[in-house]
Amino acid sequence: SASMEKSGFTRATTTMIARVNTQTHQTVAPTTRVVSRRGVAARAVKKAGPTAYEGVVLMRPDCDDDTRAAALEGFKGMFGDGLVSWDVTDHGLKQNSYEIKGYPDAYQVVINFSCPAASYRDAAAELCKPAVGSEEVIIRSMIMKV
């Protein structure tokens, strides 16, 4: 408005810009750019500290306790030395809403953890790799930023 311009303030708009790495063709984390009416652009500073995540892991119902514990340790190992906190809550054997990979029920584990974004990206890439046969203990996982 006119009163804002008289006082020297201008409205700024914020846009999200997603970049693509030209060598790997993967989307890089979006950055925030603040652009004023006059076209002056300034980049927002991203925090470099650890980020909190919550994950749900479904494991095969026919596995014993030792196998499930080993799978969770392997899952934890995917994050490397970047883990700041790690809290596991076992919900036990629960019935699924639908069959997942032929199993009508699964062991459900909720994991709350904190780690840098780079550690999370590495672990997410590792989880996308297929496991077959008896190696596949984790049949479904979902991780969300808290």
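Residues numbered from 1 in each chain as written. Predicted model: local features only at pLDDT ≥ 70, side-chain atom pairs only at ≥ 80, totals over all residues. Heavy atoms only, no water.

*Asks:* Looking at this model, I keep getting lost on the confidence of the model for the protein. Mind explaining?
*Replies:* Predicted coordinates in regions of low pLDDT should not be interpreted in detail. Summing up the model confidence of the protein, the mean pLDDT is 79 and the portion of residues at 70 or higher is 65%. Considering each helix and strand of the protein separately, the mean pLDDT is smallest for strand β1 (residues 12-20), with a value of 49, and largest for strand β6 (residues 103-115), with 96. Counting interchain partners and residues more than four positions distant, the pLDDT-below-50 stretch residues 7-17 has 26 contacts. (pLDDT = per-residue confidence, 0-100. Helix = DSSP H or I, 4+ residues; strand = E, 2+ residues; numbered from the N terminus. Contact = heavy atoms within 4.5 Å.)

*Asks:* Whenever I open this one, helix α2 (residues 65-77) confuses me. Can you help?
*Replies:* Turn by turn, an α-helix covers 3.6 residues, leaving residues three or four places apart pointing in a common direction. With 13 residues, α2 ought to run about 18 Å at 1.5 Å a step, and its terminal C-alpha atoms sit 18 Å apart, in line with that. Buried residues in α2 make contact with β4 (51-59), β5 (85-100), β6, α3 (117-127) and β7 (138-145). (Expected span 1.5 Å × (residues − 1).)

*Asks:* Please explain the nonpolar core as it appears in this structure.
*Replies:* A general tendency of soluble globular proteins is for nonpolar side chains to be buried together. By size, the foremost hydrophobic cluster in this structure holds 17 residues, and its most contacted members are M59, F75, F79, I111, F113, C115 and I143. Looking at this core, the elements that each hand over two or more residues are β4, α2 and β6. It is β6 that contributes the most residues to this core, five residues altogether. When neighbours within four sequence positions are excluded, F113 is seen to be in contact with T51, A52, Y53, F79, L83, S85, W86 and I143. (Core = buried A, V, L, I, M, F, W, Y, C linked by side-chain atoms within 4.5 Å. Buried < 20%, exposed > 50% of the residue type's maximum accessible area, 1.4 Å probe, protein only.)

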